[in-house]
Amino acid sequence: MVQINGAEKSGYENISVEDMVMKEGFDKSRIAVEINGEIVSKGDYKQALLHDGDVIEVVSFVGGG
């Protein structure tokens, strides 16, 4: 089980950050992903795998004025 933005989720172990982003419906161009306190570079989304116990934070960028 992993934790994404405070919610416990199962079925995310051993999938890539890229797949998690798509599964959760995030717009990849407007987010930053952190796993266990470390920011994941967008270029690493396909290679970075999620593991049991990971804590993932996804931050969305919102424009406005």
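Look up: the structure comes first, before these words.
All chains use their own residue numbering, which begins from 1 and follows the written sequence. Local features are withheld for residues below a pLDDT of 70 in this predicted model, meaning they are given only at 70 or higher, and side-chain atom pairs are given and counted only at 80 or more; totals for whole chains, interfaces and linings count all residues. Side-chain calculation: all heavy atoms of the structure are included, whereas hydrogens and water are not.

### Details of the side chain of S16
(1) Moving on: With respect to the element layout, S16 can be found in the loop between strand 2 (7–9) and helix 1 (17–24).
(2) Moving on: The buried category is assigned to S16, whose relative accessible area is 8%.
(3) Moving on: Any two residues having at least one pair of non-hydrogen atoms within 4.5 Å are treated as being in contact. When near neighbours in sequence (up to four residues on either side) are disregarded, S16 contacts Y45, K46, A48 and L49. Elements are defined by DSSP. Helices are runs of H or I of four residues or more, strands are runs of E of two residues or more, and each kind is numbered from the N terminus. Partly exposed residues are those whose accessible area sits between 20% and 50% of the maximum for their type, while under 20% is buried and over 50% is exposed, using a 1.4 Å probe and protein chains only.

### Focus: the nonpolar core
(1) Moving on: Only buried residues count toward a nonpolar core. Its members are Ala, Val, Leu, Ile, Met, Phe, Trp, Tyr and Cys residues joined through side-chain atoms within 4.5 Å. Counting 16 residues, the largest nonpolar core has V17, M20, V33, L50 and I56 as its most contacted members.
(2) Moving on: Only strand 1 (2–4), helix 1, strand 3 (31–35) and strand 5 (55–60) provide two or more residues apiece to this core.
(3) Moving on: Those residues within four positions of V17 in sequence are excluded, and the remaining contacts are V33, I35, Y45, A48 and L50.

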